[in-house]
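# Descriptive structure summary
Residue strings, one per chain:
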Amino acid sequence: MRAFPVIIIWIKETLPLGLGDGQLFTWTDGLKRKDWHDYESIQKDAMRSGKGEHGKPYPLTEEDHDDSAYRENGFNIFVSNNIALERSLPDIRHPNCKHKVYLETLPNTSIIIPFHNEGWTSLLRTIHSIINRTPDSLIAEIILVDDFSDREHLKEKLEEYMVRFAKVRIVRTKKREGLIRTRLLGASLARGEVLTFLDSHCEVNVNWLPPLLNQIALNHKTIVCPMIDVIDHNHFGYEAQAGDAMRGAFDWEMYYKRIPIPPELQRADPSDPFESPVMAGGLFAVNRKWFWELGGYDPGLEIWGGEQYEISFKVWMCGGGMYDVPCSRVGHIYRKYVPYKVPSGTSLARIRNVAANLCVDSKHGATGTELRLDICVKDGSERTWSHEQLFTFGWREDIRPGEPLHTRKFCFDAISHSSPVTLYDCHGMKGNQHWSYRKDKTLFHPVSSSCIDCNPAEKKIFMNRCDPLSETQQWIFEHINMTVLEKFNSKASS
Ligand code: UD2
Ligand code: MN
């Protein structure tokens, strides 16, 4: 039997809620398609009520806002603990998505979720949302890959909990590997036809998986990404990202950004998949064989970041394509700060002055403002990257507030051998933003041949003629990786 494409138009007009469960439609290409919505589960979600349901913000009180709620995860775990693991979400897809049909026979998938010290309820909510909003026949397995977490709830307690889900497997790395090698471990054990990667603090939305698998079934050389929605790190409200459907891009500093789709590339139906140059990183599906043909990820990538470019470039260079799929939506908690420790890298925490015993502080650090000294933050609170006393000495040989994973885009800048040290937009071209740390503990500024000095009484930080014997010019980098710093400095002097 053969139907004509016009049938769709007819259906759109007569069945506003959807096409009807399980009904089959044959396209002119001869392939059978069906409506994959699970109307029973949609109905169940619609009936739910309570705090945080339908993705509404949880009503926060003062004390719920306390920093202790954020410390372990970088998002408010109290709120997470107080909303249902199976909470409902708003269906914020483009209205056309309700009427879309996908191949009747879709490949199945292994869902791979790396985690390092994830919160209990945020991890469980990820799993529950998958179980509740994904057709069981499409899930080959859910692989939770523990990247050497040390929190107690992620050990036996997690294994006991997951016994109720036949498809969940837990595997663990033998040492801290970082998210890239952790994903690779999951991928190497996966048996599904498709690999679907998610972060460990997500909530998948209605009918999220079929549109992803459909795109891969039509052309296996594709990586497909859902729209990533924002779960607020304070109140857990669920909403689209600003601007919603945009293309992935990056700037000259390799910062990921999203830019609008140019009008000439916009689709007639904005709910159709569109090509995107690079992906955000965490949430995507890929044919398993094609992933390995691409060489997977480079296993030399450490802890966090950059892997999305590596895989994106390989896709394009190997004759594949990358698509964002507006009818597939997954919520993700964007953290307030990175809660986990980064064992290697160019990280440095505080820069303390020997004479003053005060630290460099970037509190009022908008661009153009002067750096000042302030009382050093207590040890232990250094995990809050948003704190103004963390700095990164980067490969660009500049110094930026923030830790390496999420630095702010301002750099230490000095315009002369006697000017104050200010924060200024990083340009990555050395010059006034070029620094080196010397063995005598001075912070040297090659372009002006001077050093950073300070006035403890006034808490001022300024440039001065280098005098390594003056303690006001001696700075201690606390928690720095000395090997990295030495490598850095030998390069600078050669
Ligand atoms: C984004 C991506 C993330 C990843 C990252 C680096 C989204 C929504 N998220 O940052 O997936 O691509 O950029 O480019 O696109 N983890 C480990 N071991 C570690 C550190 C993290 O297993 O050492 C896990 C962590 O539990 C999480 C995932 O890796 O499930 C990503 O880490 P993240 O959530 O801290 O990264 P995020 O969302 O800031
Ligand atoms: Mn994440």
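The notes below deal with the structure included here. Values in this document were obtained by computation on a predicted structure and should not be read as measured data.

About the cut-offs
- Residues numbered from 1 in each chain as written.
- Chains lettered and ligands numbered in written order.
- Predicted model: local features only at pLDDT ≥ 70, side-chain atom pairs only at ≥ 80, totals over all residues.
- Heavy atoms only, no water.
- Helix = DSSP H or I, 4+ residues; strand = E, 2+ residues; numbered from the N terminus.
- Buried < 20%, exposed > 50% of the residue type's maximum accessible area, 1.4 Å probe, protein only.
- Contact = heavy atoms within 4.5 Å.
- Pairing = 2+ DSSP bridges.
- Phe/Tyr/Trp six-rings, centres within 6.5 Å; stacked < 30°, edge-to-face > 60°.
- Near = heavy atom within 4 Å.
- Polar contact = N/O pair within 3.5 Å; in protein donor to acceptor, adjacent residues only side chain to side chain.
- Areas by Shrake-Rupley, 256 points an atom, 1.4 Å probe, with all protein chains shown as cover.
- Nonpolar A, V, L, I, M, F, W, Y, C, P; charged D, E, K, R; others polar.
- Donors = N, O, S within 2.8 Å, 3.2 Å for Na, K, Ca; no water.

Attention now moves to the overall build of the protein. When its secondary structure is counted, the protein shows 10 helices and 28 strands. Out of the 494 residues belonging to the protein, those deemed buried represent 53%. Excluding contacts between residues fewer than 6 apart, the proportion of contacts in the protein whose partners are at least 24 apart in sequence is 71%.

With that settled, the discussion passes to the sheet that holds strand β1 (residues 24-26). Overall, antiparallel pairing links the 3 strands, which are arranged β1-β2-β3 in an open sheet. One side of each edge strand has no neighbouring strand; the edge strands of this open sheet are β1 and β3 (102-103). Bridge count for β1 against strand β2 (residues 32-34) is 3 bridges, and the pairing is antiparallel. Bridge pairing links Phe25 to Arg33 in β2.

This part takes up the packing of aromatic side chains. Using the criterion set out here, one finds 14 aromatic pairs in the structure. When the centroid spacing of 5.2 Å and the interplanar angle of 65 degrees are considered together, the rings of Phe250 and Tyr309 count as edge-to-face. Taken together, the positions of Phe250 in strand β11 (residues 247-250) and Tyr309 in helix α9 (residues 307-317) put the pair 59 residues apart, joining distant regions of the chain. Judged by relative accessible area, which is 36%, Phe250 ranks as partly exposed. Judged by relative accessible area, Tyr309 falls into the buried class, the value being 6%. Taken together, the aromatic side chains of Phe197, Phe284, Phe291, Trp292 and Tyr297 make up a single cluster linked through ring pairs.

Looking now at the site of ligand 1. Surrounding ligand 1, one finds 24 residues, the nearest of these being Asp147, Arg176, Asp199, Glu307 and Tyr340. Backbone polar atom of His116 to an oxygen atom of ligand 1: 3.1 Å apart, as the coordinates give it. Calculation on ligand 1 without its partners gives an accessible area of 740 Å², and the protein chains cover 95% of this total. Those elements that provide at least two residues to the shell around ligand 1 are β4 (109-115), α6 (179-189) and α9. For the shell around ligand 1, the per-class residue count stands at 8 nonpolar, 10 polar and 6 charged.

Let us look at the environment of Pro210. Along the polypeptide, Pro210 turns up in helix α7 (residues 209-218). Of the residues examined, Pro210 reaches a relative accessible area of 0% and is grouped as buried. It is 8.9 Å that separates the C-alpha atoms of Pro210 and His37, two residues lying 173 residues apart in sequence. When near neighbours in sequence (up to four residues on either side) are disregarded, Pro210 contacts Trp36, Tyr102, Leu106, Pro135 and Leu138.

A few words now on the coordination of the manganese ion (ligand 2). With distances of 2.1 to 2.2 Å, the protein atoms coordinating the manganese ion (ligand 2) are Asp199 (OD), His201 (NE2) and His332 (NE2). Mapped onto the sequence, the residues coordinating the manganese ion (ligand 2) show the spacing D-x1-H-x130-H. Of this pair, His201 sits in the loop between β7 (194-197) and β8 (202-204) while His332 is found in strand β15 (residues 321-333), placing the two residues 131 residues apart along the sequence. A single burial state applies to His201 and to His332, both of which are buried.

Our focus in this paragraph is the pairing of β7. On β7, burial covers both faces: Val194 and Thr196 on one face and Leu195 and Phe197 on the other are all buried. With 4 bridges joining them, β4 and β7 adopt parallel strand pairing. Bridge pairing in β7 places Ser110 opposite Leu195. In the sheet, β7 pairs with strand β14 (residues 284-287) via 4 bridges, with the strands oriented antiparallel. Across the sheet, residue Val194 finds its bridge partner in β14, namely Asn287.

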